[in-house]
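# Observations on chain architecture
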Amino acid sequence: MFEAVVTVCLMMEPDICRDVLLPNHRAAEQADCLASLSTVPDYVPPSGLTATALTCKPEGPALKVSEVGDGVFWHRGLIEEPDRVNRGDVTNLGFVIGEEWVAVIDTGTARWMGEALLRAIRQRTDLPIGYVILTHMHPDHVLGANVLAEAGGEVVGHAKLPRALADRRDNYLESLSGLLGDSAFIGSDIIAPSVVVEDEMVLDLGGRQLALRAWPAAHTGTDLTVQDDLTGLLFTGDLVFHEHTPALDGSLRGWQKVLAEFADLNPTGILPGHGGPLLDWPEGTADMERYLEVLAHGTRQAIDDGMHMGEAVTRIAESERDHWTLFDAYNPRNATVAFTELEWE
């Protein structure tokens, strides 16, 4: 059937074993092959083959996903800090299948996650990857994007995302490489969006549309939401946390305002950046709203009492401790950001 078959088996973590075939197979599998082989250091195609002509059927783990709506799939990451044991699988990822295209929403903490997500997609459809949507700048959401881009997807993000990623690239790569270890982080890199959203944008997947909205500074300065028109489900990125202590890296007041404006979107359900998977609306944002209000009230009270920041951050929002995981890792940072913002009100 094919002119030549070459098996490439490389011992890595996880093991990679791939069949490499000549260029008369499906285009979607060609993209998969190139995405997978690009993680192999110094890979040289066998004689007579070229890298752009290769196609293969990569074997390896696929991310576990569940169908939370018609054609809407969801991977729930662990509620942990990234480390060598979980290999960075700490973030919720998703994809939506239309009649012509697939859109991916967030891509994980390392290249291996993009590969595993691509395998999960290929278990369900052969449709091409049309869009790779990044909900914000944090590395646990963006460092698997290069795989999906190599598979043909246009990378889409907030208008401020390219600059934010460029400014943080070296720090992100150094930090995550140390946390995950080289074997789990191999091939991971930042890729800038080729399509940016200034305000609102609609992406047509064929038979269904995704409504994208870029928000003012809130969780970060680069937050983007994605709403599927068929199901009404809203991918919030980290504008909504569940179980995992929220992380404030933008504006506290802005975040509260954005959550209030979600009512205008009238979602049928919420797909958060951490936790979940599927939260009811509007009940699904209640814990977030309460936490932010407690954080704001406690910060203003500390400022009014003349408390120094160093003392204040150890006390602000302590009443929320029992409601969240990873509280000690995130609440002091949130209190610091909130204090800095609100002391100039």
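Here goes a summary of the coordinates provided. (Residues numbered from 1 in each chain as written. Predicted model: local features only at pLDDT ≥ 70, side-chain atom pairs only at ≥ 80, totals over all residues. Heavy atoms only, no water.)

Further remarks concern the overall build of the protein chain. When you go through the protein chain residue by residue, the secondary structure sums to ten helices and 15 strands. Of all 345 residues assigned to the protein chain, the portion counted as buried reaches 54%. Contacts in the protein chain between residues at least 24 apart in sequence constitute 66% of all its contacts with a sequence separation of at least 6. In the form shown here, the protein chain has an accessible surface area of approximately 14600 Å², with 51% of it arising from carbon and sulfur atoms. (Helix = DSSP H or I, 4+ residues; strand = E, 2+ residues; numbered from the N terminus. Buried < 20%, exposed > 50% of the residue type's maximum accessible area, 1.4 Å probe, protein only. Contact = heavy atoms within 4.5 Å. Areas by Shrake-Rupley, 256 points an atom, 1.4 Å probe, with all protein chains shown as cover.)

Turning next to the layout of surface pockets. Considered as a void within the structure, the largest pocket measures approximately 580 Å³ in volume. Contributing to the lining of the largest pocket are 28 residues, with His138, Pro139, Asp140, Tyr330 and Arg333 lying nearest its centre. Elements supplying a minimum of two residues to the lining of the largest pocket: α3 (139-142), α5 (161-180), β14 (233-241) and α10 (327-342). Here the lining of the largest pocket takes six residues from α5, the largest share from any one element. Class assignment for the residues of the lining of the largest pocket results in 13 nonpolar, eight polar and seven charged. (1 Å grid on protein atoms, 1.4 Å probe; cavity = no way out; pocket = protein on both sides within 12 Å on 5 of 7 lines; lining within 4 Å. Points joined across faces, edges and corners; volume = space filled by probe spheres on them. Nonpolar A, V, L, I, M, F, W, Y, C, P; charged D, E, K, R; others polar.)

Here the focus is the packing of helix α7 (residues 252-261) against helix α8 (residues 286-304). Packed helix pairs are characterised by how far apart their axes lie and by the angle those axes make with each other. Packing of α7 against α8 brings their axes to within 10 Å, and their N-to-C directions diverge by 150°. Here α7 lies roughly antiparallel to α8, going by the angle between them. Between α7 and α8 the crossing geometry is left-handed. Counted together, Leu252, Arg253, Trp255, Gln256 and Leu259 of α7 and Met288, Glu289, Leu292, Glu293, Leu295, Ala296 and Arg300 of α8 form the full contact between these two elements. A per-class count over the contact of α7 with α8 returns seven nonpolar, one polar and four charged. (Axes fitted to C-alpha atoms, helices over the stretch in contact; angles between N-to-C directions. Parallel < 35°, antiparallel > 145°, perpendicular 65-115°, else oblique. Left-handed = near helix turned anticlockwise from the far one by under 90°.)

This next bit is on the environment of His244. Looking at the element boundaries, His244 is found in the loop between β14 and α7. In the structure, His244 is positioned 166 residues away from Leu78 in sequence and 9.5 Å away in space, judged by C-alpha atoms. Setting aside its immediate chain neighbours within four residues, His244 contacts Ile79, His274, Trp324, Thr325, Leu326 and Tyr330.

Our next topic: empty space enclosed by the protein. Applying the stated criterion across every chain, the model contains three cavities of 30 Å³ or more. As for the second largest cavity, its lining consists of Trp74, Asn92, Ile105, Asp106, Thr135, His141, Phe235, Gly237, Leu271, Pro272 and Gly273. For the lining of the second largest cavity, the secondary structure elements donating two or more residues are β14 and β15 (269-274). In terms of residues, the lining of the second largest cavity owes the most to one element, β15, which gives three residues. Grouping the constituent residues of the lining of the second largest cavity by class yields five nonpolar, five polar and one charged.

A separate point is the pairing of strand β11 (residues 200-204). Direction of pairing for β11 relative to strand β12 (residues 209-214): antiparallel, over a ladder of five bridges. By the bridge assignment for β12, Leu203 is matched with Leu210. (Pairing = 2+ DSSP bridges.)

Evaluation of the coordinates by the stated rule reveals 17 salt bridges. A salt bridge links Arg169 to Asp170, with the shortest nitrogen-to-oxygen separation between them at 3.1 Å. The exposure class assigned to Asp170 is exposed, which follows from its relative accessible area of 56%. Here Arg321 makes a salt bridge to Glu318, at a shortest N to O gap of 3.1 Å. Each of Arg111, Glu115, Arg119 and Glu150 takes part in salt bridges that share partners, so that together they form one network. (Salt bridge = Lys/Arg side-chain N within 4 Å of Asp/Glu carboxyl O.)

The way to describe two aromatic rings as a pair is by their centre distance and the angle between their planes. One pass over the structure, following the stated rule, counts five aromatic pairs. Ring centres 4.9 Å apart and planes at 15° place the aromatic pair Phe73 and Phe95 in the stacked group. Taken as a pair, Phe73 in strand β5 (residues 72-75) and Phe95 in strand β6 (residues 93-97) lie far apart in primary sequence, 22 residues in all. Taken as a pair, Phe73 and Phe95 share a single burial class, namely buried. Residues Tyr291 and Trp324 carry aromatic rings whose centres are separated by 5.8 Å and whose planes lie at 70° to one another, so their mutual orientation is edge-to-face. Linking Tyr291 in helix α8 with Trp324 in the loop between α9 (309-312) and α10, this pair joins segments that are 33 residues apart in sequence. For the pair formed by Tyr291 and Trp324, the shared burial category is buried. (Phe/Tyr/Trp six-rings, centres within 6.5 Å; stacked < 30°, edge-to-face > 60°.)

The next thing to look at is a negative patch on the surface. A surface patch of like charges, here negative, comprises Glu99, Glu100, Asp204 and Asp229. Examined against the element boundaries, Asp229 turns out to sit in the loop between β13 (224-228) and β14. (Patch = residues over 30% accessible without salt bridge, like charges linked within 9 Å, V, L, I, M, F, W, Y side chains within 5 Å. Lys, Arg positive; Asp, Glu negative; His and termini not counted. Charge placed at Lys NZ, Arg CZ, Asp CG, Glu CD.)

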